[in-house]
Amino acid sequence: ETGVTQTPRHLVMGMTNKKSLKCEQHLGHNAMYWYKQSAKKPLELMFVYNFKEQTENNSVPSRFSPECPNSSHLFLHLHTLQPEDSALYLCASSQAKGVRMNTEAFFGQGTRLTVV
Amino acid sequence: AQKVTQAQTEISVVEKEDVTLDCVYETRDTTYYLFWYKQPPSGELVFLIRRNSFDEQNEISGRYSWNFQKSTSSFNFTITASQVVDSAVYFCALSEARQGGSEKLVFGKGTKLTVNP
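So, here's what we can say about the structure. (Residues numbered from 1 in each chain as written. Chains lettered and ligands numbered in written order. Predicted model: local features only at pLDDT ≥ 70, side-chain atom pairs only at ≥ 80, totals over all residues. Heavy atoms only, no water.)

1. So, the side chain of Asp85(A)
Residue and element names in this part refer to chain A.
And step 1. Looking at the element boundaries, Asp-85 is found in the loop between strand E8 (73-79) and strand E9 (87-94).
And step 2. Reaching out from Asp-85, the side chain makes a polar contact with the side chain of Arg-63 at a distance of 2.7 Å.
And step 3. Once residues within four sequence positions are removed from consideration, Asp-85 is found in contact with Lys-36, Arg-63, Phe-64, Leu-113 and Val-115. (Helix = DSSP H or I, 4+ residues; strand = E, 2+ residues; numbered from the N terminus. Polar contact = N/O pair within 3.5 Å; in protein donor to acceptor, adjacent residues only side chain to side chain. Contact = heavy atoms within 4.5 Å.)

Right under this line is the structure:
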């Protein structure tokens, strides 16, 4: 069993659909992240949750809505997406300690999203 | 602003060749962490190394080695005697402290390494 599990691995959705991406971590970490990886662009941080509280929203459009019910689970709810939102969405977790995190982030395998 | 530059977009080598992946970073933090991740075709980012800004010792792990030089703000990664299984996209990243203790990783654009048999 991998440390960070994402489902589904692949998702095709229409622009009027509503879908959700799921991430689960089994590492006992207290911080979770959503990253977006588009072709030809660096990974972009979308959201950060620390102890279930959202601590960062990196100017992400409201058609992406995160949810973190507990430290082990993270969701990304999607609605009325655009074709340019097609990308690999990666979830990560880490152990935040005080002022600085000095442990690495562990990533899931990602969800390959295609918006048609 | 924090920035990571991986100038090499793609590198192609023949098996058993040595290859160095370059990484140059910019930060105003005095304490920071540098990382290398490997992304195979399956998609997940695999952690390779973390380096504290106060530790400039080079590190070797099997066929992998890292050269950290603060004077040039570089954190280069060398694979010795490359193998086909090393083919992947390699990302260099710089940590940025965030409120509450979580961490933001600023990634470079990645270097796609292809090792041909």
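2. A few points about the sheet that holds strand E3 (residues 18-25) of chain A
Two modes of strand pairing occur in sheets, parallel and antiparallel, and in both the strands are linked by backbone hydrogen bonds.
Residues and elements named next belong to chain A.
And step 1. Strand order across the open sheet formed by four strands is E1-E3-E8-E7, with antiparallel pairing between neighbours. The open sheet is flanked by strand E1 (4-7) and strand E7 (64-70), the only strands paired with a single partner. Neighbour-to-neighbour, the strand axes of this sheet turn through a mean angle of 20°, independent of strand direction.
And step 2. As judged from the four bridges shared by E1 and E3, these two strands associate in the antiparallel manner. If you follow Val-4 over to E3, its bridge partner there is Gln-25. (Pairing = 2+ DSSP bridges. Axes fitted to C-alpha atoms, helices over the stretch in contact; angles between N-to-C directions.)

3. Remarks on the nonpolar core
A general tendency of soluble globular proteins is for nonpolar side chains to be buried together.
And step 1. With 25 residues, the main nonpolar core has Trp36(B), Trp66(B), Phe77(B), Tyr90(B) and Leu113(B) as its most contacted residues.
And step 2. Elements supplying a minimum of two residues to this core: strand E2 (10-14), strand E3 (19-21), strand E5 (33-39), strand E6 (46-52), strand E8 (64-69), strand E9 (74-79), strand E10 (88-97) and strand E12 (111-116) of chain B.
And step 3. Among the elements that make up this core, the one with the highest residue count is E10(B) (four residues).
And step 4. If we skip the residues at most four places from it in the chain, Tyr90(B) touches Gln6(B), Leu21(B), Trp36(B), Tyr37(B), Lys38(B), Leu48(B), Tyr64(B), Phe77(B), Ile79(B), Gly110(B), Thr111(B) and Leu113(B).
And step 5. Counting 22 residues, the second largest nonpolar core, distinct from the first, contains Val4(A), Trp34(A), Cys68(A) and Tyr89(A). (Core = buried A, V, L, I, M, F, W, Y, C linked by side-chain atoms within 4.5 Å. Buried < 20%, exposed > 50% of the residue type's maximum accessible area, 1.4 Å probe, protein only.)

4. A closer look at the environment of Thr72(B)
Residues and elements named next belong to chain B.
And step 1. Considering the arrangement of structural elements, one finds Thr-72 in the loop between E8 and E9.
And step 2. Overall, Thr-72 belongs to the partly exposed group, its relative accessible area being 44%.
And step 3. With 48 residues separating them in the primary sequence, Thr-72 and Val-24 have C-alpha atoms 7.8 Å apart.
And step 4. Within the local environment of Thr-72, its side chain forms a polar contact with the side chain of Ser-74, the two groups lying 2.9 Å apart.

5. Description of unusual backbone geometry
And step 1. In this structure, Pro8(A) follows Thr7(A) across a cis peptide bond, with omega equal to -10°.
And step 2. Looking at the element boundaries, Pro8(A) is found in the loop between E1 and strand E2 (10-13).
And step 3. Even without being glycine, Lys16(B) reaches a positive phi, approximately 85°.
And step 4. A relative accessible area of 69% places Lys16(B) in the exposed class.

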